[in-house]
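For reference, the chains in residue letters:
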Amino acid sequence: MHIPAVVFALVLFFVAQAILSWRRRRRAAQAWKIAPQRDVSTLATAGGGGAAFKQETIKTGGPWKPKHRRLALRDARLLPKPPRDPNDRAWPRPPKPKYLTESEADRLFSASLRTRNRDVMDLATDEAQLQRYGLPLWKSESDIAQALDLTIGQLHHYSQHRHRETAPHYVTFAIPKRSGGERLIHAPKKKLKAILRQLDQLLVSKLPKSEYAHGFIKQRSIATGARPHVDKELVLKFDIKDCFPTIHFGRVRGLLLSLGYSYPVAASLAVLMTEAPRQPVAAEGKIYHVPTGPRVCVQGAPTSPGLCNAILLRLDRRLWGLAKKYGLSYTRYADDLTFSGPAGLTRKMLGWVPGIVTSEGFQINREKTKLMRNSGRQSVTGVTVNKDMGLSRQERRKLRAALHKQRANPGAADPRAANQLVGKLAYLHMLNPAQAEALSRPPMSSNVA
């Protein structure tokens, strides 16, 4: 039977197309095994521009960021799935496998954990990084709940960002500042405070911190932070403006990710340790507490000081390196930065420190910047550091007068006031034992013959 040439050409064409299509799909499958890709096509813009069609390669293995030791390990369940095998002609098609349970998917894509950053949402646990820093190995939220003696439901209850909160977990009140104005304190309620204290002991206290930080760290105090600045020609103090409110949820989550935790664990812990400022609103016959800003480390939470020290680690190292270059001393207590040394060199910090602080995502409160020469009183976190470390002469005179009054009328002394004097003497003894000993000795009585 004679086949027309046109039919023969069509058959060859379709066979060639099938072979080329099979080869393209095979090459794509082989390339996928090396580096999976994610479709990041965008919708058309409002101005009438067309949609942007593009793909990005997902980095698997190797450092997550340049000069980082944290590896870019991925959760295979969240990665784009490879194309179907071109040789698989089975019909009907088998049902798609389920990689996440319904509860896992609801939690991961909830308002509390949802993120637009595709580079972090599928990060898995880097066990070697956690071991390197001596941090607890928590691979899932179930591990967190078990460590905190909670059920998974209780953990979700306290680590949930709600846009309409009927029973907030924090009590908010204001206390006056010494410089004027008010300071908002967010005190966690009893159950949450116990959870945060346990979390501070298990995790936050083990986070890496600078040796130049002296606030909220065991074996360090205002005394250790003031000692390097004793008997210096010039003392220069800076204050970080709104330090705790600047440490927002994203920074806490990024810190935990860089230390080796998976995205669900890091995001859940970040929600648990932060809170948003809220405003009570009456609606539908109820009082709702709605957020008026992002979640941040609040003043009053037991975990906020430790997170602050960990976040400021790089800033401390940069400022210490600058101070070392010019032979100066540097310490930090909470949000107070202190430099001391020769007057000419110390003054140079006025132009350089604010820029470094700004590059780290913070701001200097210029109204609280102070230059203190040795011709006047020099104080660091309330400690006088002119010649010796201790209290000022005026404060010691007041303390001596109060002690004399107590000794003159021991029976009429108020027990609370007596305890306060004991505490002030103990505080002075920590700063300068010689000054405390001089005030503790009763005055010599003079007998006239």
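Look up: the structure comes first, before these words.
Computed from a prediction, not measured in an experiment: that's the story for all the values here.

Quick notes on the rules
- Residues numbered from 1 in each chain as written.
- Predicted model: local features only at pLDDT ≥ 70, side-chain atom pairs only at ≥ 80, totals over all residues.
- Heavy atoms only, no water.
- Helix = DSSP H or I, 4+ residues; strand = E, 2+ residues; numbered from the N terminus.
- Buried < 20%, exposed > 50% of the residue type's maximum accessible area, 1.4 Å probe, protein only.
- Contact = heavy atoms within 4.5 Å.
- Areas by Shrake-Rupley, 256 points an atom, 1.4 Å probe, with all protein chains shown as cover.
- Pairing = 2+ DSSP bridges.
- Axes fitted to C-alpha atoms, helices over the stretch in contact; angles between N-to-C directions.
- Salt bridge = Lys/Arg side-chain N within 4 Å of Asp/Glu carboxyl O.
- Lys, Arg positive; Asp, Glu negative; His and termini not counted.
- Parallel < 35°, antiparallel > 145°, perpendicular 65-115°, else oblique.
- Left-handed = near helix turned anticlockwise from the far one by under 90°.
- Nonpolar A, V, L, I, M, F, W, Y, C, P; charged D, E, K, R; others polar.

Draft legend 1. Broad picture of the overall build of the protein. Helix and strand counts for the protein stand at 17 helices and twelve strands. Burial analysis of the protein (449 residues in total) assigns 38% to the buried set. Intrachain contacts of the protein at a sequence separation of at least 6 include 64% that bridge at least 24 residues. When the accessible surface of the protein is totalled, it reaches about 26,800 Å², and 55% of it is carbon and sulfur.

Draft legend 2. Spotlight on unusual backbone geometry. A positive phi angle is found at D231, which is not glycine, with a value near 60°. By relative accessible area, D231 is classed as partly exposed at 47%. Positive phi, normally seen in glycine, also occurs at E284, with a value near 60°. Examined against the element boundaries, E284 turns out to sit in the loop between β6 (278-283) and β7 (286-291). According to the relative accessible area criterion, E284 is exposed, its value standing at 64%.

Draft legend 3. The sheet that holds strand β5 (residues 234-239), seen in detail. A sheet is described by the order of its strands in space; here four strands give the open sequence β8-β9-β5-β10, paired in antiparallel fashion. Across the chains shown, the open sheet's two edge strands, defined by having one partner strand only, are β8 (329-333) and β10 (370-373). Shown here is a sheet whose adjacent strand axes are inclined to one another by a mean of 15°, direction ignored. Sheet topology note: the β5/β10 ladder contains four bridges and is antiparallel. Looking across to β10, one finds that L234 is bridged to R373. Its contacts with the sheet put helix α14 (residues 349-359) on β5, β9 (336-341) and β10, and the angle it makes with β5 is roughly 25°.

Draft legend 4. Fine view of the pattern of salt bridges. In this structure the tally under the stated criterion is 14 salt bridges. For R295, the salt bridge identified is with E275, shortest N-O distance 3.3 Å. Of this pair, R295 sits in the loop between β7 and α11 (304-311) while E275 sits in the loop between α10 (263-272) and β6, and the two are 20 residues apart along the sequence. We note that R295, like E275, is buried. Between E360 and R318 there is a salt bridge, and its shortest N-O distance comes to 2.8 Å. Highlighted residues: E360 in the loop between α14 and β10 and R318 in helix α12 (residues 313-325), separated in sequence by 42 residues. Residue classification places E360 among the buried positions, given a relative accessible area of 11%.

Draft legend 5. View of the side chain of R251. As for its placement among the helices and strands, R251 is situated in helix α9 (residues 249-258). No salt bridge is formed by the buried R251. Its closest oppositely charged neighbour is E360, at 6.4 Å. Setting aside residues no more than four positions away along its own chain, R251 makes contact with T246, I311, E360, G361 and F362.

Draft legend 6. The arrangement of the packing of α12 against α14 in detail. Where α12 meets α14, the axes come as close as 10 Å, and the angle between the chain directions of the two elements is 160°. Between α12 and α14, the angle is such that the two are roughly antiparallel. Where α12 crosses over α14, the two elements pack in a sense that is right-handed. Each of L315, R318, L319 and L322 in α12 lies in contact with α14, whose residues at this interface are M349, W352, V353, I356, V357 and S359. Partitioning the contact of α12 with α14 into residue classes produces eight nonpolar, one polar and one charged.

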